[in-house]
Amino acid sequence: MPKQSPTDRVRNFDEVALGYPEDLAQEEASRCLGCKKPFCVDGCPVGIDIPAFVDCIVKGDFAGGIRKIKETNALPAVCGRVCPQEEQCELKCVLGKKGKPLAIGRLERFLADWEAASGAIETPEMASPTGKKVAIVGAGPAGITVSNDLALLGHKVVIFEALHDAGGVLTYGIPEFRLPKAIVRREVEYVKSLGVELKTDFIVGKTKTIDRLFNDFDAIFVGAGAGLPWFLEIPGENLNGVYSANEYLTRCNLMKGFRFPEYDTPIKRPSNVVVFGGGNVAMDSARTALRLGADEVHIVYRRSRQELPARLEEVENAEEEGVIFDFLTLPTKLVGNEHGWLKEVECLRMELGEPDSSGRRRPVPIEGSEFKMKADAAVCSIGNSPNPLIPMSTPGLDVGRKGNIEADEKTGKTSRDAIWAGGDVVTGAATVISAMGAARTAAQDMHKFLMEQC
Ligand code: FAD
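Please read all numbers here as calculations on a predicted model, not as lab measurements.

1. Notes on empty space enclosed by the protein
1) Next: Evaluated as defined, the whole model comprises 3 cavities of 30 Å³ or more.
2) Next: Taken as a whole, the largest cavity holds about 120 Å³ of empty space.
3) Next: Taken together, 14 residues form the lining of the largest cavity, with Cys32, Cys35, Cys40, Cys93 and Val94 sitting closest to its centre.
4) Next: Taken together, the elements giving at least two residues each to the lining of the largest cavity come down to α3 (39-42) and α4 (50-58).
5) Next: Of the residues in the lining of the largest cavity, the class split is 13 nonpolar, no polar and 1 charged.
6) Next: Roughly 110 Å³ of internal volume is contained in the second largest cavity.
7) Next: Listed by contribution, the elements that provide at least two residues to the lining of the second largest cavity are α4 and α8 (104-118).

Structure representation (structure tokens):
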């Protein structure tokens with residue numbers, strides 16, 4: 001797929017990958033073997049009928065293709081861009097055994113973008129109104145998916161979102177150059193076109209508790225995500241210039257810091273940035289820092305390249321853009337200047353020891369390997385857990401060891417009557433499509449519950 005060149009793109013926030021033109025999409029789609037038993041569908045958490053939409057592309061029936069995808073996926077332009085297809089549908093593609101798997105994600109994106117460009121957005125057939133009302137907490141991928149499914153089934157849906165804009169991580173976390181916000185807005189508008197109401201600046205647990213929402217609603221779905229950042233818990237984390245990835249990316253994306261001075265959001269434009277972590281969030285933070293004008297950006301990761309949890313495509317993009325990777329490196333202390341601003345990071349070199357409980361080899365410090373890195377900003381991207389606000393304000397809602405709401409895997413049902421949950425708030429930080437898969441499961445069980453009520 002064509003991309004902006006690395007030298008051009010580090011100077012702008014425009015989308016890096018440019019998408020397939022029609023001829024390339026059809027050429028790629030024609031590689032599909034049309035397997036009798038399509039393993040790719042098993043690899044998709046929302047069960048998209050992949051062979052059917054690919055066949056539509058081959059035949060030039062793009063409207064038919066996008067209609068097929070939307071039967072099970074309300075966010076095709078998002079999923080086509082950020083889903084880890086290499087670990088899901090494309091991993092199971094038979095073509096991958098001998099060569100390159102079919103580029104399923106890119107084809108999905110092609111159809112979604114074709115539909116947007118054509119302006120002919122179709123709405124699926126909707127069931128007649130049931131008279132039941134459902135409240136959704138959080139307008140991230142999980143909340144949007146449940147809303148889509150329940151609205152199509154005829155229920156009245158209202159989403160309560162804490163921030164001033166919908167989309168969850170898609171809006172405040174993933175940067176513009178990977179997922180343009182106009183695309184997220186388009187997909188949110190589509191769900192609103194099904195009659196879903198969106199109330200922003202509404203913090204469930206503060207503005208109103210879940211129990212008070214029950215005065216007006218028959219059932220509630222909690223898709224509040226995992227927005228509570230973890231820190232390294234080393235000395236110096238309170239220095240100026242040290243951010244959590246959430247804060248850094250929110251300032252830049254949601255609050256449009258990258259368009260300063262047009263938007264008056266303060267965000268530091270440092271020269272030397274160190275990002276801690278090795279996932280998609282770390283890649284996004286590092287690439288954002290480069291675009292904000294940093295001279296040198298390092299990713300400090302305590303394991304080796306092989307263990308990087310980020311998508312390979314994003315690691316390669318970061319490398320092409322000039323991000324420097326410091327593998328097997330552990331930050332131990334953040335050191336400030338006399339004005340309380342970060343000036344350097346003390347680190348230790350590591351080596352890989354025996355596998356730990358995750359099956360990955362445990363990084364072990366090498367004695368006497370201490371060294372310092374120059375840094376005037378640091379971004380901590382080592383993970384997140386769910387915010388405790390909802391469990392704390394909802395008696396009887398069971399939570400797990402890491403603060404995640406406990407929900408039945410097969411139904412999404414929580415320990416409280418008429419409350420379901422799904423996405424990162426249940427699993428901890430995961431993926432867009434896993435949040436959507438859990439949401440679809442919950443929507444089906446909620447529908448059953450609502451229809452059984454007199
Ligand atoms: P979220 O997207 O977090 O949405 C939750 C929503 O609930 C938010 O809008 C929040 O404001 C709202 N909320 C929270 N508490 C309340 C409350 N009390 N009242 C009202 N509203 C509330 N996944 C991928 O698949 N591919 C990627 O490339 C990828 N890159 C990522 C990059 C970054 C920087 C980050 C942070 C994550 C990335 N992920 C990626 C992970 C993915 O975005 C999440 O797994 C996914 O968004 C989870 O969806 P969700 O709906 O459960 O939660």
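Further notes follow.
2. Focus on the nonpolar core
Soluble, globular proteins show a tendency: their nonpolar side chains are buried together.
1) Next: Of all hydrophobic cores here, the largest spans 66 residues; its most connected members are Ile50, Phe53, Ile57, Leu107 and Phe221.
2) Next: At 9 residues, helix α18 (residues 432-452) tops the list of elements feeding residues into this core.
3) Next: Leave out the neighbours within four places in its chain, and Leu107 touches Tyr20, Ala25, Glu28, Ala29, Phe53, Val54, Ile57 and Leu102.
4) Next: Membership of the second largest hydrophobic core comes to 30 residues, among which are Ala245, Tyr248, Ala294 and Ala318.

3. Things to note about the sheet that holds strand β3 (residues 197-199)
1) Next: Judged by pairing direction, the sheet is parallel, and its 5 strands sit side by side in the order β3-β2-β1-β4-β16 without closing on themselves. One side of each edge strand has no neighbouring strand; the edge strands of this open sheet are β3 and β16 (419-421). Pairs of neighbouring strands in the sheet enclose a mean axial angle of 20 degrees, with direction left out of account.
2) Next: Across 4 bridges, strand β1 (residues 133-137) lies against strand β4 (residues 219-222) in parallel orientation.

4. A few points about the layout of surface pockets
1) Next: There is about 690 Å³ of room inside the second largest pocket.
2) Next: Together, 28 residues line the second largest pocket, and Glu90, Ala103, Arg106, Arg311 and Glu313 are the ones closest to its centre.
3) Next: Among the elements of the structure, α6 (76-82), α8 and α15 (312-321) are those that each provide at least two residues to the lining of the second largest pocket.
4) Next: The element that contributes the greatest number of residues to the lining of the second largest pocket is α15, accounting for 5 residues.
5) Next: Looking at the lining of the second largest pocket residue by residue, the class counts come to 9 nonpolar, 4 polar and 15 charged.

5. Some details on the pattern of salt bridges
Side-chain pairing between opposite charges can occur once the charged atoms of the two side chains come close.
1) Next: Throughout the structure, instances matching the rule amount to 31 salt bridges.
2) Next: With its nearest N and O atoms 3.4 Å apart, the salt bridge here joins Arg109 to Asp113. With a gap of 4 residues between them, Arg109 and Asp113 both fall in helix α8, about one helical turn apart.
3) Next: Look at Asp113 and you get partly exposed, because its relative accessible area is 21%.
4) Next: The partner of Arg287 in a salt bridge is Glu314, and the shortest N-O contact between them spans 2.8 Å. In this pair, Arg287 sits in helix α14 (residues 280-291) while Glu314 sits in helix α15, placing the two residues 27 residues apart along the sequence. This pair shows no difference in class: Arg287 is buried, exactly as Glu314 is.
5) Next: One connected set of salt bridges, linked through shared partners, spans Lys3, Arg9, Arg178, Asp284, Arg287, Arg291, Glu314, Glu320 and Glu321.

6. As for the packing of aromatic side chains
1) Next: On inspection of all chains with the given rule, the structure shows 9 aromatic pairs.
2) Next: Consider the rings of Phe62 and Phe110, whose centres lie 5.1 Å apart with planes at 85 degrees: the pair is edge-to-face. Placement of Phe62 in helix α5 (residues 62-70) and of Phe110 in helix α8 is noted, with a sequence separation of 48 residues between them.
3) Next: By relative accessible area, which is 7% here, Phe110 ends up buried.

7. Looking at helix α13 (residues 245-252)
1) Next: Within α13, 6 of the 8 residues are buried, which leaves it mostly tucked inside the rest of the structure.
2) Next: All of the buried residues along α13 are Ala245, Asn246, Tyr248, Leu249, Thr250 and Cys252.
3) Next: Each element contacted by the buried residues of α13 is listed here: α10 (169-172), β5 (228-229), β6 (242-244), α14, β14 (377-380) and β15 (384-385).

8. Quick notes on the site of the ligand
1) Next: Neighbouring the ligand are 34 residues; Val82, Ala142, Glu161, Arg178 and Val204 lie closest to it.
2) Next: Between the ligand and the protein, one listed contact pairs an oxygen atom with a backbone N or O atom of Thr431 at 3.3 Å.
3) Next: Between the ligand and the protein, one listed contact pairs an oxygen atom with a backbone N or O atom of Val432 at 3.0 Å.
4) Next: In the complex, the protein chains occlude 94% of the 1,000 Å² of accessible area that the ligand would expose alone.

What counts and how
- Every chain is numbered independently, its residues counted from 1 as its sequence is written.
- Under the rules for a predicted model, residues below a pLDDT of 70 receive no local features and side-chain atom pairs below 80 are neither given nor counted, while totals for whole chains, interfaces and linings still include all residues.
- Values reported for side chains reflect all heavy atoms of the structure, with hydrogen atoms and water molecules removed beforehand.
- Buried and open spaces are told apart on a 1 Å grid over the protein atoms alone, a cavity being a set of points where a 1.4 Å probe fits but cannot get out and a pocket being an open set with protein on both sides within 12 Å along at least five of seven lines. Residues with an atom within 4 Å of a point are the lining residues.
- Grid points are joined across faces, edges and corners, and a volume is the space filled by probe spheres set on the points.
- Numbering of helices and strands runs from the N terminus, with a helix taken as a DSSP run of H or I at least four residues long and a strand as a DSSP run of E at least two residues long.
- Only Asp, Glu, Lys and Arg are considered charged, only Ala, Val, Leu, Ile, Met, Phe, Trp, Tyr, Cys and Pro nonpolar, and every remaining residue, Gly among them, polar.
- Residues grouped as a nonpolar core are buried Ala, Val, Leu, Ile, Met, Phe, Trp, Tyr and Cys residues, joined through side-chain atoms within 4.5 Å.
- Partly exposed describes any residue whose relative accessible area lies between the buried limit of under 20% and the exposed limit of over 50%, with all areas from a 1.4 Å probe on protein chains only and scaled to the type maximum.
- Residue contacts follow a heavy-atom distance rule, with two residues in contact if any of their heavy atoms lie within 4.5 Å.
- When DSSP finds two or more bridges between two strands, those strands count as paired.
- Axis definition: a line fitted to C-alpha atoms, over the contacting stretch in the case of helices. Angles run 0 to 180 degrees between N-to-C directions.
- We define a salt bridge as a contact between a side-chain nitrogen of Lys or Arg and a carboxyl oxygen of Asp or Glu at a distance within 4 Å.
- Stacked, edge-to-face and tilted are the three classes for Phe, Tyr and Trp ring pairs, Trp counted by its six-membered ring, which pair at centre distances within 6.5 Å; planes under 30 degrees apart are stacked, over 60 edge-to-face, the rest tilted.
- In these notes, residues near a molecule or strand are those with any non-hydrogen atom within 4 Å of it.
- Think of a polar contact as two N or O atoms within 3.5 Å of one another; within protein, one of them needs to be a possible hydrogen donor and the other a possible acceptor, and neighboring residues in sequence only count if both atoms come from side chains.
- For the area figures, the Shrake-Rupley method with a 1.4 Å probe applies, and any residue is considered shielded solely by the protein chains shown.

Nothing here speaks to function; it is geometry throughout.
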